[in-house]
Amino acid sequence: MGAEMTRGVVSPATTASAKTAGRVGLLQITSYPPPRAGWGMRVQFLKSYLEARGHRCVVLNIGASRAIPSDEYETVLGGLDYARKVWRFSRQGLVAHVHVNGASPKGFVLAIAAQLINLVSGRRSFLTFHAGINQVYFPRPKYPLLWPVFWVLFAIPRAIICNSEEVKAKILEYGVPASKVVPIQAFSTQYLEADTCELPQEIEAFYRRYPQLVFSYTKIRPMFHPETLVEGFAQFATTHPGAGLFLCGIAGHMEPGLWESVHGRIQRLGIADRVLVVDDLPHDAFLQALGRASVYLRTHVSDGVCSSVMEALAMGIPVVATENHNRPAGVITYPPEDREALARHLAYVIARRDEIVAALERPEVRDTLAEEARLLTGVS
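Everything in this summary refers to the structure shown in the same document. Please read these numbers as outputs of a predicted model, since none were measured by experiment.

1. With respect to the overall build of the chain
When its secondary structure is counted, the chain shows 15 helices and twelve strands. The C-alpha atoms of the chain give 22 Å as radius of gyration, which agrees with the globular expectation for 380 residues (21 Å, within 12%). The C-alpha extent of the chain, read off along each of the three principal axes, is 70 × 45 × 40 Å. Taken over 380 residues, the chain has a buried fraction of 54%.

Structural data, given as structure tokens:
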């Protein structure tokens with residue numbers, strides 16, 4: 001602990017020098033890969049972007065890998081350790097950039113605690129509120145008893161980043177000034193930058209065996225509806241002998257008992273040889289695998305503007321996804337628990353894929369990391 005606690009410490013003189021040079025220090029309080037996930041990947045891209053421009057960016061990892069030592073982030077070994085590290089980095093002059101969504105009361109507590117510690121240290125934090133307009137405790141009408149908690153969460157930071165105008169509108173329902181909320185899409189030009197790489201032999205063999213490849217980046221959690229996913233695919237596969245399902249990204253937290261249920265369904269439905277499960281892939285390999293798929297299937301219901309959906313559309317891959325009332329143009333949507341609709345839409349895409357790809361509306365790809373960095377640092 002002693003060595004860890006001194007890593008990254010700078011003197012007040014160093015901090016002052018950095019400020020004089022137009023450089024700032026930011027404390028990212030967030031989940032962080034591994035495992036890969038939407039906002040953890042965003043922070044990984046943002047950290048690289050900021051550091052390449054001379055800013056100091058420390059990640060305090062509160063995700064699944066928080067106890068695993070890494071040069072990429074600071075570990076968190078409990079509540080007291082968390083408070084001590086937020087205080088230490090705040091006293092060094094770092095401004096907290098807190099990441100949270102509307103799905104976890106524990107996340108609200110950690111976020112507000114960090115905001116208050118940073119404030120007491122003379123800093124005014126930033127907040128990124130992730131995900132879409134339909135979350136467990138968000139928006140306001142869904143769980144009105146938590147209004148005071150959200151009000152505090154949104155009142156303390158100097159600015160709030162969200163990923164769409166639709167989410168901004170819901171945040172404003174808590175009494176937040178519109179000027180304080182800045183929609184910045186969690187998708188950027190850097191997401192599509194990748195080196196060519198060889199995929200593992202197991203994946204290559206699977207692609208050769210099943211030319212009608214359904215690719216899904218998913219987690220084994222209820223909000224991803226994994227049981228509906230495999231049931232819908234099984235129904236689709238009965239009329240498509242060349243169809244295979246590639247499930248990627250299941251590493252990390254699994255809802256207790258849910259994987260057993262999903263695995264049991266795969267066995268009972270007789271599709272075990274048609275399903276390839278991969279814990280995770282590096283981003284280069286992920287893009288390579290996604291770019292060779294026939295269709296991308298997104299089953300999360302609360303994800304808002306999803307980066308993997310945007311990546312698929314930008315590469316010309318048709319997307320079938322759950323309806324979350326915030327999908328980009330061109331996405332074919334279905335009700336989250338409707339396996340028949342899922343199977344029907346997959347069949348429709350396979351039957352008319354060339355036509356769909358030709359008409360696909362590619363999303364605008366801009367450098368949103370630059371937009372976010374300007375907001376966080378005040379440096380253009």
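2. Some remarks on the packing of aromatic side chains
The geometry of an aromatic ring pair comes down to the distance between the two centres and the angle between the two planes. Taken as a whole, this structure holds 22 aromatic pairs when the rule is applied. Ring centres of Phe 150 and Phe 154 lie 5.8 Å apart, and the angle between their planes is 40 degrees; this geometry places the pair in the tilted category. Highlighted residues: Phe 150 and Phe 154, both in helix α6 (residues 147-155), separated by four residues, approximately one helical turn. With relative accessibility at 1%, the residue Phe 150 sits in the buried group. Between the aromatic rings of Phe 233 and Phe 236, the centroid separation amounts to 6.0 Å while the plane-to-plane angle is 55 degrees, which identifies the pairing as tilted. Of the two residues, Phe 233 and Phe 236 are both situated in helix α9 (residues 226-237); the distance of three residues between them amounts to about one turn of the helix.

3. Here's the deal with the packing of α9 against helix α13 (residues 339-351)
Running from amino to carboxyl end, α9 crosses α13 at an angle of 50 degrees, the nearest separation of the two axes being 8 Å. It follows that α9 is oblique to α13 by the angle criterion. For the pair α9 and α13, the crossing hand works out as right-handed. Contacts between α9 and α13 involve Thr 228, Leu 229, Glu 231, Gly 232, Phe 233, Gln 235 and Phe 236 from the former and Arg 339, Glu 340, Leu 342, Ala 343, Leu 346, Ala 347 and Ile 350 from the latter. Looking at the contact of α9 with α13 residue by residue, the classes come out as eight nonpolar, three polar and three charged.

4. Remarks on the pattern of salt bridges
All chains considered together, the criterion is met by 15 salt bridges. Of the charged contacts in the structure, one is a salt bridge between Lys 170 and Glu 173, with a shortest N-O distance of 3.8 Å. Judged by relative accessible area, which is 26%, Lys 170 ranks as partly exposed. Arg 265 is paired through a salt bridge with Glu 231; the nearest N and O atoms lie 2.5 Å apart. Taken together, the positions of Arg 265 in helix α10 (residues 258-268) and Glu 231 in helix α9 put the pair 34 residues apart, joining distant regions of the chain. For Glu 231, a relative accessible area of 19% corresponds to the buried category.

5. Quick word on the side chain of Ser 307
Along the chain, the position of Ser 307 falls in helix α12 (residues 307-314). Beyond its immediate sequence surroundings of up to four residues, Ser 307 is in contact with Ala 186, Phe 187 and Tyr 191.

6. Some details on the pairing of strand β3 (residues 95-100)
Counted residue by residue, β3 has six buried out of six residues, so it is predominantly covered. Side chains Val 95, His 97 and His 99 of β3 all project onto a buried face; the interleaved residues Ala 96, Val 98 and Val 100 project onto the opposite face, where all are buried too. Sheet topology note: the strand β1 (residues 25-30)/β3 ladder contains four bridges and is parallel. Considered in β3, the bridge of Leu 27 is made with Ala 96. Handedness of the crossover joining β3 and strand β4 (residues 126-129) through helix α5 (residues 105-120) is recorded here as right-handed.

Rules of the game
Residues numbered from 1 in each chain as written. Predicted model: local features only at pLDDT ≥ 70, side-chain atom pairs only at ≥ 80, totals over all residues. Heavy atoms only, no water. Helix = DSSP H or I, 4+ residues; strand = E, 2+ residues; numbered from the N terminus. Rg over C-alpha atoms; globule rule 2.2 N^0.38 Å. Buried < 20%, exposed > 50% of the residue type's maximum accessible area, 1.4 Å probe, protein only. Phe/Tyr/Trp six-rings, centres within 6.5 Å; stacked < 30°, edge-to-face > 60°. Axes fitted to C-alpha atoms, helices over the stretch in contact; angles between N-to-C directions. Parallel < 35°, antiparallel > 145°, perpendicular 65-115°, else oblique. Left-handed = near helix turned anticlockwise from the far one by under 90°. Contact = heavy atoms within 4.5 Å. Nonpolar A, V, L, I, M, F, W, Y, C, P; charged D, E, K, R; others polar. Salt bridge = Lys/Arg side-chain N within 4 Å of Asp/Glu carboxyl O. Pairing = 2+ DSSP bridges. Right-handed = clockwise from strand over helix to strand, strands pointing away.

Function-wise, these values are silent; they only describe arrangement.
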